[in-house]
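# Architecture at a glance
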Amino acid sequence: MAECPTDIINELFLRLRATTLVKCRAVSKPCFSLIDSPEFISSHLRRRLETGEHLMILLRGPRLLRTVELDSPENVSDIPHPLQAGGFTEVFGSFNGVIGLCNSPVDIAIFNPSTRKIHRLPIEPLDFPERHITREYVFYGLGYDSVSDDYKVVRMVQSKPKGGKKNFGCIEIKVFSLKKNSWKRVCLMFEVQILFIHYYYHLLPRRGYGVLANNHLHWILPRRQGIIAFNAIIRFDLASDDLGVLSFPRALYTEDDMDIGVLDGCVCLMCYDEFSHVDVWVLKEYEDWKSWTKLFRVPKPESVESVDFMRPMVYSKDRSKILLEINNAANLMWFDLESKSLTTVGIECDSSFTADILVSSLVLGCKGDPTKAQRRKDQMMPKSNKRDGFLAKGFKLKL
């Protein structure tokens, strides 16, 4: 039988989901080399982003990760939690098929659920005394810097001195570069740092995760009655590592309950009337604050008592509907833009789960055979007592 041309194999592989390609690596050495090549990984991701093929919903729980195919909700896969340490593990973002995981501010990793490849970030100590930091004052962001072709993690920590009721002491911001595999401190200008002295992230912890749009990560700083009169949006430039402020309509400065998200690559704001509706605003042209537009209003579903949290996730392929997460992943619904009606997706999970969109990609590479590395290690070690043999070859302990 004649061999299949390489370009046909390449085109065929580009159409497959990442989980299938991981298995195809075992077919032959040429297939292994092709699928693991940076050029193929980039082409495969680009095709997924352009076509919207093989999109998944990532259900994230404190001790369990689960993927559900967007076009076939009945296809559910559980994923062993790679960073599980017996406690609560946060998932703080999803982009290009990789997610951010953390057990603590110094136990952080980037993980690809499709390939099971994990990259643990080097430990970066905090500059503040542990007694001045609690979990709700630590915020994360996962992003891709298209300028330098680099994945980055941002960690923001607010310290609260003992006895401090309204004000915070200082803020520490550090950014991790996957290319350099190292952390860098970000120095803030005074006009930006002053925002953190009085503001307090009093929204749900999951709303403290940065949302990525236009090469910037964004967080919302909500106003507090009696302390600060106006809401604010901060943005972190992944190319320059600078922190700044994003302008938005003045009509929203005094909204009592507002949240931030991203839809179709654009920053969006959700303004709540928890017992009635949620208004969604979108910034159509990133550098033009006048392009903010109220895109649609979502009525409160009859199945929920109140809307405490809502996030638009993705358009349907025909762009007639938008997938919404309302309160938690147990309330995933399609919102019809024309009829303004809501339809339940029908995914079974409890209220401890939250949801995100996951792209099927090979970013970070593949995990490979975990037993192969151990076999090589065993072959290289002497068959006698390995520790004694190692010390015998010139390394003696002096007591």
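Structural data are supplied above this passage.
One structure accompanies this document, and this report is about it. Computed from a prediction, not measured in an experiment: that's the story for all the values here.

## Details of the overall build of the protein
Regarding its fold elements, the protein presents 7 helices and 24 strands. Expressed as a percentage of the 399 residues in the protein, the buried residues total 49%. Here the protein has roughly 20800 Å² of accessible surface; of this, 53% comes from carbon and sulfur atoms.

## A short note on the packing of helix α1 (residues 6-14) against helix α4 (residues 38-51)
Where α1 contacts α4, the axes come no closer than 9 Å and their chain directions differ by 50°. When the axes of α1 and α4 are compared, the pair comes out oblique. Remark: the crossing between α1 and α4 carries right-handed chirality. On α4, the residues touching N10, E11, F13 and L14 of α1 are F40, S43, H44, R47 and R48. Here the contact of α1 with α4 is built from residues that sort into 3 nonpolar, 3 polar and 3 charged.

## Quick notes on the nonpolar core
Where a protein is soluble and globular, its nonpolar side chains tend to be buried together. Counting 38 residues, the largest nonpolar core has I57, L59, F92, V153, L323 and L332 as the members making the most contacts within it. Of all elements in the fold, only β1 (56-60), β5 (98-104), β6 (107-112), β8 (138-145), β9 (150-158), β20 (310-315), β22 (332-336) and β24 (354-358) reach the threshold of two or more residues within this core. Ranked by residues supplied to this core, first place goes to β8 with 4 residues. In contact with F92, not counting residues within four places along its chain, are G100, L101, C102, I108, Y140, G141, L142, V153 and Y209.

## Digging into the sheet that holds strand β3 (residues 76-79)
One open sheet holds the 4 strands; their spatial order is β3-β2-β1-β24, and the pairing between them is antiparallel. Each having just a single partner strand, β3 and β24 make up the two edges of the open sheet. Each neighbouring strand pair of the sheet contributes to a mean axis angle of 25°, computed without reference to strand direction. Two strands pair when backbone bridges link them, and strand β2 (residues 65-69) and β3 are joined in this way by 4 bridges, in the antiparallel orientation. Note that in β3 the partner of V68 across the bridge is V76.

## As for the packing of α1 against helix α3 (residues 29-36)
In contact at an axis separation of 11 Å, α1 and α3 are set at 55° when each is read in the N-to-C sense. Classified by the angle their axes make, α1 and α3 are oblique. Helix-helix and strand crossings are classified by hand; for α1 and α3 the assignment is right-handed. The residues of α3 that touch α1, namely those facing I9, N10 and F13, are C31, L34 and I35. Residues belonging to the contact of α1 with α3 are distributed by class as follows: 5 nonpolar, 1 polar and no charged.

## Some words on the sheet that holds strand β23 (residues 342-344)
Sheets are built from strands paired through backbone hydrogen bonds, the pairs being either parallel or antiparallel. Strand order in the open sheet formed by 4 strands is β20-β21-β22-β23, and the pairing between neighbours is antiparallel. The open sheet has two edge strands, β20 and β23, and neither has a second partner. Across this sheet, the average inter-strand angle for adjacent strands is 35°, counted without regard to direction.

## Some points on the pattern of salt bridges
Under the criterion given, the structure shown has 22 salt bridges. Where R120 meets D107, a salt bridge forms, and the shortest distance between an N and an O atom there is 3.5 Å. In this pair, R120 is assigned in strand β7 (residues 117-120) and D107 in strand β6, connecting sequence segments 13 residues apart. You can call R120 partly exposed: its relative accessible area is 48%. Given a relative accessible area of 23%, D107 falls into the partly exposed group. Several salt bridges share partner residues, and in doing so they unite E11, R15, R47, R48 and E53 into one network.

## Remarks on the pairing of β22
Among the 5 residues in β22, 4 count as buried, and that is most of the element. When strand β21 (residues 321-326) meets β22, the two strands line up antiparallel, connected through 5 bridges. Following the sheet pairing, K321 is matched in β22 by D336. As consecutive antiparallel partners, β21 and β22 are separated by 5 residues, and within that stretch N327 has a phi angle of approximately 75°, a positive value. Alignment of β22 against β23, held across 3 bridges, turns out to be antiparallel. Residue M333 lies in a different strand from β23, and its bridge partner there is T344. Counting the residues that bridge the hairpin from β22 to β23 gives 5 residues, and of these K340 lies at a positive phi of roughly 65°.

## Overview of the pairing of strand β18 (residues 277-283)
Where burial is concerned, most of β18 is hidden: 7 out of the 7 residues are buried. Neither face of β18 is exposed, since H277, D279, W281 and L283 on one face and V278, V280 and V282 on the opposite face are all buried. Here 6 bridges tie strand β17 (residues 266-273) to β18, and the two strands are oriented antiparallel to one another. Residue D273 lies in a different strand from β18, and its bridge partner there is H277. The antiparallel pairing of β17 with β18 creates a hairpin that spans 3 residues between the two strands. Pairing of β18 with strand β19 (residues 292-299) involves 7 bridges; the strand directions are antiparallel. The residue of β19 that forms the bridge with V280 is F296.

Rules used in this analysis
Residue positions are counted from 1 within each chain, in the order its sequence is given. A pLDDT threshold of at least 70 governs which residues receive local features in this predicted model, and a stricter bar of 80 or more applies before side-chain atom pairs are shown or counted, although totals over entire chains, interfaces and linings include all residues. The basis for the side-chain values is all heavy atoms of the structure; hydrogens and waters are excluded. Note on conventions: DSSP H or I runs of at least 4 residues are helices, E runs of at least 2 residues are strands, and numbering of each starts at the N terminus. Type-normalised accessible area, obtained with a 1.4 Å probe on protein chains alone, sets the label of each residue: buried when under 20%, exposed when over 50%, and partly exposed for intermediate values. Using the Shrake-Rupley algorithm and a 1.4 Å probe, accessible areas are obtained, with residue cover drawn only from the displayed protein chains. Between the N-to-C directions of two axes lies an angle of 0 to 180 degrees, each axis being a line fitted to C-alpha atoms and, for a helix, fitted only over the stretch in contact. What sets the label is the angle itself: under 35 degrees gives roughly parallel, over 145 gives roughly antiparallel, 65 to 115 gives roughly perpendicular, and the rest give oblique. Working rule for handedness: look at the near helix, and if it is turned counterclockwise from the far one by less than a right angle, call the crossing left-handed; if clockwise, right-handed. Should any heavy atoms of two residues lie within 4.5 Å, those residues are counted as being in contact. Here the term charged refers only to Asp, Glu, Lys and Arg, the term nonpolar to Ala, Val, Leu, Ile, Met, Phe, Trp, Tyr, Cys and Pro, and the term polar to all other amino acids, Gly among them. Grouping buried Ala, Val, Leu, Ile, Met, Phe, Trp, Tyr and Cys residues that are joined through side-chain atoms within 4.5 Å yields what is termed a nonpolar core. Pairing between strands is defined by DSSP: at least two bridges between the two strands are required. Note on definitions: salt bridges are taken to be side-chain nitrogens of Lys or Arg within 4 Å of carboxyl oxygens of Asp or Glu.

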